[in-house]
Amino acid sequence: MAALLECVSIAKSFAGVRALAGVSLEIGAGEVHALVGENGAGKSTLIRIITGAERPDSGRLTIDGHSVASLDPSTARGFGIAAIYQQPSLFPDLTVAENIAFALELGGPWRRIDWKQRLHRAQVLLDRVGASIDPSRLAGTLRPPEQQLVEIAKAIGADARIVLMDEPTASLTDTEVLRLMAVIKTLRDAGAGVIYISHRLEEVFAIADRVTVLRDGATVGTHPVADVSTRQLIEMMVGRQLTQLFPKKPVPLGGVALELVGLSNLMAGVHDVSLQVRRGEIVGLAGLVGCGRSELAETLFGLSPADAGDVLVSGQRVNIDSPSDAIRHGIGYVPKDRRQHGVIPEMSVAKNISIASLAAVSANGLVQPAREFAAAGEYVNRLRIKTPSASTDVEDLSGGNQQKVALARWLMTGARVLVLDEPTQGVDVGAKAEIHALIGDLVEQATAVLLISSELPELLGMCDRIAVMRAGTIAGILPPTATAAEVMALALGHQ
Amino acid sequence: MTIVQGRERALVATIGVLALVMAALAPGFYSASNLVDLWLGRLPVLIVALGATLTVISGEIDVSVGSMFAIVSVVAGLSSKAGLPLAAVAGVAVFAGATLGAVNGALVAFLRIPSIVVTLAMMIGLRDGLRWATQGEWVQDLPDRFQWLGLSQSIYPLATGLLAGALLLALAWAARNVAAGRAIFAVGSNANAARLAGLNVAQIKCWTFVLGGALTGVAALLNSARFNQIPSNTGLGLEMTVIASVIVGGAAVTGGRATFSGTVLGVVLLGAIGPALTFLGVSAYWERAIQGAIILAAVRSYV
């Protein structure tokens, strides 16, 4: 089998965080090669490097035996590489036909456009993927699964020899998935190489010839699918050594602080979530990207209000339609994207901490800077936030200390329920341990914590119970004695 | 090509109602001399707005067109006084506009400075630079052969009408049927997807500023030829009228969506409302308030 595409020791870091640490991969002509791994294992980054959307820091790409020095999206297209990204990348103001044309047509900027031919080709390709979408509709009016089908039509229309698919089935129905499988087989039989990323292992076994497992940005191994079992694959995906200890001291549990009863937010893809968190308890939320964990957190905090179900705080039914409702009922939320949503980087530590409790440091409707400063200083000491002073801008702090500032904000509001979304993502090991210790302190003071993390060892080490989400709802609740493989199996839907 | 689409129907209807009201209450509005005055007065806005439509489609904005208009007007006047033949004066005007546009475009596209900042700085800097260079003096006593660009006064409105019509049709056709035109829409609709599709986003954005500058040059040339002097404060506030017209014409300020026919309708509606009020005997102070209301109503009905 001749290698169509060869990646050798590809490494890539973003802002000092290592995404790929030397990945090697080889795709042959007429092969469907599956790529699996946990969240953050580096699959999407690898795809973006092969399509030229990102440049590797080191490593080598060989296409058809030619070593490729630098790749950008248009040269990658020239080599016959087409991709379906996890996030649809369509032009919302242009028609479906035109979106497809942008992926396929080559030629100078002054060439005439043949609209009839564009519409016709789009229709043919959409028929091939089994999508009943009018090619003259604007892409912005399509539902997410329809957008995904257009992406697929784009990729197959390019007659590409190397097709990369990053979670193409995430939003498709079963019939659409079957149709896609047939399309992939046609591509393979025509001699194309397909890289197929999916969290759905049954699809991997159904369609792939070989499977490569990535973990923490490195290749764990490549095997013919016939030689591995689901169980073995999951073990390879999670088989990380427990290098850190998570200092969760046993804390006596109090009454139920937060209860969700059949909570749904269909627009956000969350449905029928029922869950209890008691005082002093840490409940982990595990699940793969797109399972609805962050959306559940946003629903709970009123960022996108629920459309059905109840939220009870300390046994009282409460109505949460906005973040201010959530704050009033004692719920605090540290979002995933710290720099974008968690803290305000250009503002001082003191102002960041006090922003949700300005009334407490105000007199006659005016903020009293001295009181604000004193109150913030208290939290700086208590949380051991490393900052020259409370007036330092948050952007000058390290990631771990920024995260502590985000936490301090909710301690100041007196939140009794904290929702933490990936609180240790992108912080160094030392800061991580401190944040863990801090969460430990909080539950000792009878706070209830809902902890979202993609790092299974963290959840297993920190939590009293782990709720595993899949497809927008709770697939099961596991004790902390569960193994990573058990959590992963539940998240993937393989009990 | 420039088919009247859904969002433009409301504009056509509004203009139609206004036209009927004028026919019923103030038929003098339709006198030939008034219509010619109206046309020549709004011609610069129309031509600059065609260029601004391109910039807005690409997701950017250019508020420096008024200052560029002033500089090109003065440059055209001076070069015709210096004895350059008419064709050369025209070339100088278009080139000067394109060059200023290229400076804007390069700063926005390649240095990644937000276009509102770049063009605001250019708007102020060019305007005051011109004031300093001319010491506030007008360019006086333009040569006779520059007047009406060597045409007769009666043929000039028709000639400019044909030119503006040709520019409109060419731009509308190219924006729809030439790959480069579609690329502008793509860049404005989703710049990241455009990059993944292999488009050179910076270059495309830069070109829209160059084209916008060149069209501003054309507008300045056509306007200067109407008078025998050029005031140094010409084109003051032009950018606001232009952007307002483009928005009323249905453009999305976030980029990716606008039509040239819509822009023309926007220019017509905003341009006709003031003179119409005068004819109806309504105080001219209401003109701006009504224009503001039209802008809000337009944006409200498109989102």
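Since we're looking at a predicted model, the values are computed, not measured.

Engineer: Which parts of the structure should I look at to understand the overall build of chain B?
Structural biologist: Within chain B, the secondary structure is distributed over 12 helices and zero strands. When the elements of chain B are put in sequence order from the N terminus, they spell out α-α-α-α-α-α-α-α-α-α-α-α. Taking 303 residues into account, the globule formula puts the C-alpha radius of gyration at 19 Å, and chain B, at 19 Å, falls close to it. Taken along its principal axes, the extent of the C-alpha atoms in chain B is 55 × 50 × 35 Å. Looking at chain B as a whole, 48% of its 303 residues are labelled buried.

Engineer: In this structure, what is going on with the overall build of chain A? I would like to understand it.
Structural biologist: Secondary structure assignment for chain A yields 17 helices and 22 strands. The C-alpha atoms of chain A give a radius of gyration of 25 Å, which matches the 23 Å a tight globule of 495 residues would have. Here chain A, with 495 residues, has 50% of them falling under the buried criterion. If you take every contact in chain A between residues at least 6 apart in sequence, the share linking residues at least 24 apart comes to 69%.

Engineer: For this particular structure, what's the right way to read unusual backbone geometry?
Structural biologist: Outside of glycine, negative phi angles account for most residues, and trans bonds account for most peptide bonds. Residues and elements named next belong to chain A. Look at Asp272: it is not a glycine, yet its phi comes out positive at around 55°. Within the element layout of this structure, Asp272 appears in strand E12 (residues 270-278). Judged by the 14 C-beta atoms lying within 10 Å of it, Asp272 falls in the partly exposed class. At Ser314, a position not held by glycine, the phi torsion is positive, near 50°.

Engineer: Can you walk me through helix H10 (residues 238-248) of chain B in this structure?
Structural biologist: Along an α-helix, residues three or four positions apart point the same way, because every turn accommodates 3.6 residues. Residue and element names in this part refer to chain B. Within H10, 10 of the 11 residues are buried, leaving the element largely enclosed by the surrounding structure. Among the residues of H10, those classed as buried are Leu238, Glu239, Thr241, Val242, Ile243, Ala244, Ser245, Val246, Ile247 and Val248. Gly250 lies just past H10 and shows a positive phi near 105°.

Engineer: Before we go on, may I ask you to explain the interface of chain A and chain B in this structure?
Structural biologist: Frequently, the measure chosen for interface size is the accessible area removed from exposure when the parts meet. On the side of chain B, 18 residues touch chain A, which itself brings 19 residues to the contact. If you list the elements that add at least two residues to the side of chain A that touches chain B, you get helix H2 (73-78) and helix H3 (96-104) of chain A. Of the residues belonging to the side of chain A that touches chain B, the class tally is 11 nonpolar, three polar and five charged.

Engineer: How should helix H2 (residues 32-57) of chain B be read in this particular structure?
Structural biologist: Relative to the 38 Å expected for 26 residues at 1.5 Å per residue, H2(B) spans 35 Å between its end C-alpha atoms, a close match to the ideal helical length. Just downstream of H2(B) lies Gly59(B), where phi reads positive at about 90°.

Engineer: Looking at this structure, how should I read the confidence of the model for chain B?
Structural biologist: Regions with low pLDDT should not have their predicted coordinates read in detail. Looking at chain B, the pLDDT average stands at 92 and 97% of residues meet or exceed 70. Note on the complex model: pTM 0.79, ipTM 0.86.

Engineer: Is there a simple way to explain the sheet that holds strand E8 (residues 193-197) of chain A in this structure?
Structural biologist: Paired through their backbone hydrogen bonds, the strands of a sheet run either parallel or antiparallel. All names here are of chain A. Spatially, six strands are ordered E6-E7-E8-E3-E9-E10 in an open sheet, and the strand pairing comes out mixed. Every other strand in the sheet has two partners, leaving strand E6 (81-84) and strand E10 (218-224) as the edge strands with one partner each. Adjacent strand axes in the sheet meet at a mean angle of 15°, parallel and antiparallel pairs treated alike. Two strands pair when backbone bridges link them, and strand E9 (residues 210-215) and E10 are joined in this way by six bridges, in the antiparallel orientation. Among the inter-strand pairings, Val211 is bridged to a residue of E10, identified as His223. Sitting on the sheet, helix H1 (residues 43-50) is in contact with strand E3 (32-36), E6, strand E7 (162-166), E8 and E9, with an inclination near 150° to E7.

Engineer: Explain the domain arrangement of chain A here, please?
Structural biologist: Residues and elements named next belong to chain A. Domain parsing of chain A yields domain 1 (3-238) and domain 2 (256-492). A C-alpha centroid distance of 35 Å is found between domain 1 and domain 2. On the side of domain 2, 11 residues touch domain 1, which itself brings 11 residues to the contact. Its residues assigned to classes, the side of domain 1 that touches domain 2 shows six nonpolar, three polar and two charged.

Engineer: Before we go on, may I ask you to explain the packing of H10(B) against helix H11 (residues 260-280) of chain B in this structure?
Structural biologist: Between two packed helices, the angle of one axis relative to the other and the distance separating the axes together describe the packing. Residues and elements named next belong to chain B. It is at 7 Å that the axes of H10 and H11 come closest, and there the two elements cross at 120°. Considering the angle they form, H10 stands oblique to H11. In the crossing of H10 with H11, the sense of the turn from one axis to the other is right-handed. Facing H10, whose interface residues are Thr241, Ala244, Ser245, Val246 and Val248, H11 presents Thr263, Gly266, Val267, Leu269 and Leu270. Classifying every residue of the contact of H10 with H11 gives six nonpolar, four polar and no charged.

Engineer: Could you clarify how one ought to interpret the environment of Gly52(A) in this entry?
Structural biologist: Residues and elements named next belong to chain A. Mapping Gly52 onto the fold places it in the loop between H1 and strand E4 (58-63). A residue is classified by how many C-beta atoms lie within 10 Å of it, and Gly52, with 24 of them, is buried. Between the C-alpha atoms of Gly52 and Ser74, which are 22 residues apart in sequence, the distance is 8.0 Å. Leave out the neighbours within four places in its chain, and Gly52 touches Leu71, Asp72, Pro73, Thr75 and Ala76.

Engineer: Help me out: how do you make sense of the sheet that holds strand E1 (residues 3-14) of chain A in this one?
Structural biologist: Residue and element names in this part refer to chain A. Taken in spatial order, the four strands make up an open sheet running E2-E1-E4-E5, and their pairing is antiparallel. On the outer flanks of this sheet lie strand E2 (17-28) and strand E5 (66-68), each paired with one strand and no other. Strand-to-strand twist of the sheet, defined as the mean angle between neighbouring strand axes without regard to direction, takes the value 20°. Where E1 meets E2, nine bridges bridge the pair, whose relative direction is antiparallel. Counterpart to Ala11 in the pairing with E2 is Ala21.

Engineer: I keep staring at the packing of helix H8 (residues 230-238) of chain A against helix H17 (residues 484-492) of chain A and nothing clicks. Help me out?
Structural biologist: Residues and elements named next belong to chain A. Running from amino to carboxyl end, H8 crosses H17 at an angle of 115°, the nearest separation of the two axes being 9 Å. Taken as axis vectors, H8 and H17 run roughly perpendicular relative to one another. Taken as a pair, H8 and H17 cross one another with a handedness that is right-handed. On H17, the residues touching Ile234, Glu235, Met237 and Val238 of H8 are Ala484, Ala485, Met488 and Ala489.

Engineer: Whenever I open this one, the pairing of E6(A) confuses me. Can you help?
Structural biologist: Residues in a regular strand project their side chains so that they alternate between the two faces of the sheet. All names here are of chain A. Here E6 shows two buried faces, one formed by Ile81 and Ala83 and the other by Ala82 and Ile84. Pairing of E6 with E7, which is carried by four bridges, proceeds in the parallel orientation. Across the sheet, residue Ala83 finds its bridge partner in E7, namely Leu164.

Engineer: Hey, could you run me through the nonpolar core in this one?
Structural biologist: Among the nonpolar cores identified, the biggest contains 250 residues, and Val487(A), Val48(B) and Ala93(B) are the most heavily contacted of them. The element that contributes the greatest number of residues to this core is helix H9 (residues 201-224) of chain B, accounting for 13 residues. Structurally, this core is a two-domain feature, drawing no fewer than three residues from each of domain 1 (3-238) and domain 2 (256-492) of chain A.

Engineer: How should the environment of Ser304(A) be read in this particular structure?
Structural biologist: All names here are of chain A. Here Ser304 lies in the loop between helix H9 (293-300) and strand E14 (308-313). Along the primary structure Ser304 and Val17 are separated by 287 residues, whereas in three dimensions their C-alpha atoms are 31 Å apart. Not counting residues up to four positions away in its chain, the partners in contact with Ser304 are Asn265, Met267, Ala268, Glu298 and Thr299.

Conventions we followed
Residues numbered from 1 in each chain as written. Chains lettered and ligands numbered in written order. Predicted model: local features only at pLDDT ≥ 70, side-chain atom pairs only at ≥ 80, totals over all residues. Helix = DSSP H or I, 4+ residues; strand = E, 2+ residues; numbered from the N terminus. Rg over C-alpha atoms; globule rule 2.2 N^0.38 Å. Buried ≥ 20, exposed ≤ 12 C-beta atoms within 10 Å, placed from the backbone. Contact = placed C-beta atoms within 7 Å. Nonpolar A, V, L, I, M, F, W, Y, C, P; charged D, E, K, R; others polar. Expected span 1.5 Å × (residues − 1). pLDDT = per-residue confidence, 0-100. Pairing = 2+ DSSP bridges. Axes fitted to C-alpha atoms, helices over the stretch in contact; angles between N-to-C directions. Domains from an automatic or database assignment. Parallel < 35°, antiparallel > 145°, perpendicular 65-115°, else oblique. Left-handed = near helix turned anticlockwise from the far one by under 90°. Core = buried A, V, L, I, M, F, W, Y, C linked by C-beta atoms within 7 Å.

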